[in-house]
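Chains, contacts and geometry: an overview
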Amino acid sequence: MTFVDTADGPRGFDWDGRVLRILDQSALPAVERWVRVDGPAVLMEAIGALRVRGAPLLGVLAARLLAMESGRAEADWQALAAAVRAARPTAVNLMHAVDRMRAARAAGRELGAEADAVAAEDAAACARIAQEGAAALADGAAVLTVCHTGALATAGIGTALGAVRHAAASGKRVFVWVCETRPLLQGARLTGWELTRLGVPWALLADGAAASLLLGGRVTRVMVGADRIARNGDFANKTGTLAVAAAARLGGVPLDVLAPWTTVDPACPGGGAIPIEQRAAAEVQGFAGPQGAVRWAAAGGGAYNPAFDVTPGAWVARLVTDRGAWPGEALAGGAWVDQGGSTGTP
Ligand code: MRU
């Protein structure tokens, strides 16, 4: 089945007004397993294990959990909010969502409605980003992407992948080169799964093959998401993005960053101030999924496993957000952040 550019299609969570269920992204594409979130422990474990991931989705789910737990005593609720806020250190959407829920509680607003608004605003942001992002894609475009930035990672149709989806739905022929995205293979497992469901043609490559593809003239545009964007346009995204960006620059291929405003950190001056999440060595030394676990690394060595790397804003061709799009040259001074305004409730 091919989905059009609407709310139909893959979804990473389901909220029926009473029960929250999440799609276990760590099990995809082998198994489509839905997990009922009947308390904070389930969601905290899911965030840590990357059963749910993608910066916008983390913010949406954090807001929902804090609304579901709003009956707790103040100190208990604040402790939970602090724990959720710290669950992943790089994706600033998580922090912005928690801060917004704290402000809503302090103001006596109903937290269920606030969480609804967080999700609805993210979906609307995705739609705007997708439309604006797709404008850069000509008929016959060959897009290279890293990690997974589709519907599963947001409350809407996605960011970079949303732009691809929008372009395809409006009749353009678009092909997607999918970096497998080691170590947890979000590209191979999730982007591939979603593109197949959307009916968009794609091919997989090992992350190390991106440079030859980019310098070989076979990619017209790189489109990626972000987990935090600093005032000077430097951005953190999944490990491997920096290498892709360097090769794209060498090969003269434009690189666009597509993200909701909740990914912008107005207080962060540059990439050096972005905290980078370090993850377990076991993720590099082997793989665990529904089919079982395997270790392929030899014993005796350690591992380097940063979840993200930082790409200079100077290398960005275009930053596309729901509050506007800016050419890379406009990012350095930070004036664009002030044009977009504060993060949270506009
Ligand atoms: O570790 P992950 O899988 O949460 O990393 C996600 C990314 O790097 C995405 O590109 C980013 O969060 C944007 S998702 C719309």
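In the block above lies the structure referred to throughout.
Overview of the structure. The structure presented is a predicted model; accordingly, all values stated were derived computationally and were not measured.

**Considering the sheet that holds strand E8 (residues 228–229)**
- Pairing within the open sheet is antiparallel, and its 3 strands lie in the order E8-E9-E13. Edge positions in the open sheet fall to E8 and strand E13 (308–311), since each of these has one partner strand only.
- Of the strand pairs in this sheet, E8 and strand E9 (residues 235–238) are connected by 2 bridges, and their pairing is antiparallel. Within E9, the position partnered with Arg228 by the bridge is Ala236.
- Packed onto the sheet, helix H9 (residues 241–251) meets E9 and E13 and runs at close to 30 degrees relative to E13.

**Structural notes on the site of the ligand**
- Lining the immediate environment of the ligand, one finds 17 residues, of which Arg53, Ala55, Arg88, Asn237 and Lys238 sit closest.
- A distance of 2.9 Å is found between an oxygen atom of the ligand and a backbone nitrogen or oxygen belonging to Ala55.
- At 2.6 Å from an oxygen atom of the ligand is found a side-chain nitrogen or oxygen belonging to Asn237.
- Coverage of the ligand by the protein chains reaches 99% of its 420 Å² of free accessible surface.

**Quick word on empty space enclosed by the protein**
- If you walk through the whole model with that rule in mind, you get 2 cavities of 30 Å³ or more.
- There is about 190 Å³ of room inside the largest cavity.
- For the largest cavity, the lining is made up of 23 residues, of which Arg53, Gly54, Ala55, His148 and Asp227 are closest to its centre.
- Those elements giving two or more residues to the lining of the largest cavity turn out to be helix H2 (55–68) and E9.
- A breakdown of the residues in the lining of the largest cavity according to their chemical character gives 10 nonpolar, 9 polar and 4 charged.

**Some remarks on unusual backbone geometry**
- Cis peptide bonds are those with omega within 30 degrees of zero, and the linkage from Leu28 to Pro29 qualifies with 0 degrees.
- When you line up the elements, Pro29 lands in the loop between strand E2 (20–23) and strand E3 (34–37).
- Between Arg182 and Pro183 the backbone carries a cis peptide bond, its omega angle lying at 5 degrees.
- Relative to the elements of secondary structure, Pro183 occurs in the loop between strand E5 (174–179) and helix H7 (186–198).

**Focus: the environment of Leu215**
- Looking at the element boundaries, Leu215 is found in helix H8 (residues 210–215).
- With 34 residues separating them along the chain, Leu215 and Arg249 place their C-alpha atoms 9.1 Å apart.
- Discounting residues that sit within four places of it in the chain, Leu215 has contacts with Ala247, Leu250 and Gly251.

Procedures and definitions
Residue numbers here run from 1 along each chain, matching the order of that chain's written sequence. For this predicted model, a pLDDT threshold of at least 70 governs which residues receive local features, and a threshold of 80 or more governs which side-chain atom pairs are given and counted, while totals over whole chains, interfaces and linings are taken from all residues. To get the side-chain values, take all heavy atoms of the structure and skip hydrogens and water. Pairing between strands is defined by DSSP: at least two bridges between the two strands are required. Runs of E in the DSSP output that reach at least two residues are strands. Runs of H or I that reach at least four are helices, and both are numbered from the N terminus. Residue contacts are counted whenever heavy atoms from the two residues lie within 4.5 Å of one another. Helix axes use the C-alpha atoms of the stretch in contact, all axes being lines fitted to C-alpha atoms, and the angles between their N-to-C directions lie in the range 0 to 180 degrees. Whether a residue is near a molecule or strand is decided by its heavy atoms; if any one of them lies within 4 Å of it, the residue is near. Contacts described as polar in this section are N or O atom pairs within 3.5 Å, which, within protein, must combine one atom able to donate a hydrogen with one able to accept it, while residues neighboring in sequence count only if both atoms come from side chains. Calculation of accessible area relied on Shrake-Rupley with a 1.4 Å probe; when residues are assessed, cover is drawn exclusively from the protein chains displayed. For cavity detection a 1 Å grid was placed over the protein atoms alone, and a set of points counts as a cavity when a 1.4 Å probe fits there but cannot get out; an open set counts as a pocket when protein lies on both sides within 12 Å along at least five of seven lines, with lining residues being those that have an atom within 4 Å of a point. Grid points are joined across faces, edges and corners, and a volume is the space filled by probe spheres set on the points. Residues are grouped as follows: nonpolar covers Ala, Val, Leu, Ile, Met, Phe, Trp, Tyr, Cys and Pro; charged covers Asp, Glu, Lys and Arg; every other residue, Gly included, is treated as polar.

From the geometry alone we can't say anything about function, so treat these as descriptive.
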